[in-house]
Amino acid sequence: MISMALGLSKKGFKIFSSTFAAFLTRAHDQIRMAGISGGNFTLCGSHAGVSVGEDGSSQMGLEDIALFRSTANSSIFCPCDAVSCEKIVYACKELKGINYIRTMRPKTPIIYRYDELFDVGDFKILRQSPKDNLILAGSGITVHECLKAYEHLKKKGIASAVIDLYCVKPFNEKKFKEFVKHHGNKIIVSEDHYPQGGIGEMLSTKVVNDETKIISLAVRKMPRSGTTEELLHYEEIDAESIVKAALEMVKNS
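The structure displayed is predicted, hence computed values, not measured ones.

### Focus on the sheet that holds strand S9 (residues 186-190)
- With respect to topology, five strands assemble into an open sheet ordered S5-S7-S6-S9-S10, the strand pairing being mixed. The sheet is open, and its two borders are formed by strand S5 (124-127) and strand S10 (213-217), each paired with just one other strand. Strand-to-strand twist in this sheet, taken as the mean axis angle between neighbours without regard to direction, amounts to 25°.
- When S5 meets strand S7 (residues 160-164), the two strands line up antiparallel, connected through three bridges. Opposite Arg 127, over in S7, you have Val 162 as the bridge partner.

### A short note on the pattern of salt bridges
- By the definition in use, this model includes 12 salt bridges.
- Between Arg 113 and Asp 115 there is a salt bridge; the shortest N-O distance is 2.7 Å.
- Assessed through its relative accessible area of 58%, Arg 113 is described here as exposed.
- A residue is classified by how much of its surface remains accessible, and Asp 115, at 49% relative accessible area, is partly exposed.
- Residue Glu 236 is joined to Lys 221 by a salt bridge in which the shortest nitrogen-to-oxygen separation is 3.5 Å. Of this pair, Glu 236 sits in the loop between helix H8 (228-234) and helix H9 (239-252) while Lys 221 sits in the loop between S10 and H8; the two residues are 15 residues apart in sequence, bridging distant segments of the chain.
- Judged by relative accessible area, Glu 236 falls into the partly exposed class, the value being 38%.
- The structure contains a network of salt bridges with shared partners spanning Glu 173, Lys 177 and Lys 206.

About the criteria used
- Throughout this document, residue positions are counted from 1 along each chain, in the order its sequence is written.
- Where totals are concerned, whole chains, interfaces and linings use all residues; where local detail is concerned, this predicted model gives features only for residues with pLDDT of at least 70, and gives and counts side-chain atom pairs only at 80 or more.
- Processing note: side-chain calculations cover all non-hydrogen atoms of the structure and skip hydrogens and water entirely.
- Strand pairing is assigned whenever DSSP detects at least two bridges linking the two strands.
- In this description a helix means any DSSP run of H or I spanning at least four residues, a strand means any run of E spanning at least two, and both kinds are numbered starting from the N terminus.
- Convention adopted: a line fitted to C-alpha atoms gives each axis, helices being fitted over their contacting stretch, and angles between N-to-C directions are expressed from 0 to 180 degrees.
- The rule for a salt bridge is simple: a side-chain nitrogen of Lys or Arg has to be within 4 Å of a carboxyl oxygen of Asp or Glu.
- Per-residue accessibility, obtained with a 1.4 Å probe over protein chains only, is compared with the maximum for each type, and a residue is labelled buried under 20%, exposed over 50%, and partly exposed between these values.

Pasting the structure below:
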């Protein structure tokens, strides 16, 4: 599939290919060579992360962000709802290189208006105030967990900002650093991916300094079969785990 996508893209076609995110690891060499060969096409890796649920660990794409971060001439997108996904598909139609759209299995609520714009390299600020103590950052399924955590923290009198990291690569480092500086200099990032090569690692290399603290919540245990809610809680990337990390961060600051 990847080799066909590369060949057709070289003939000038706009190519979109899709499979489970987990299965793209089987095509790592073809993806690598497509990047080196100047391919221009879009891949969708569906059923990403432990949120797949009952299908079990063999079906969970947990290395895909790392795979595409290390691919030459690649862009990576992690939409969290149907609107952002559709807009990102159209954006990829105009992009050069190897574009990766990471999608999930569970039904998620729509949080964006249809006229929302999704610029390549940017991120969305979903909640913010002048009194923010920290930033909750998520992508895909964990954006919704961050929004739940925001409500819990609000009831406890802790103001937090919420960010949707819908574009992992490229990334507007300058804008993000400026936002962090004015919103507590503390970040909790939650992702449905292994920590190695993931979003938390990406942010740590780009924005962490002597003034900025970051807690990275990621998939660190061997996943098992269960409901989406059970697995997000088991891996400690759900709203409850985000709240716990936030309270600990505020306490120690």
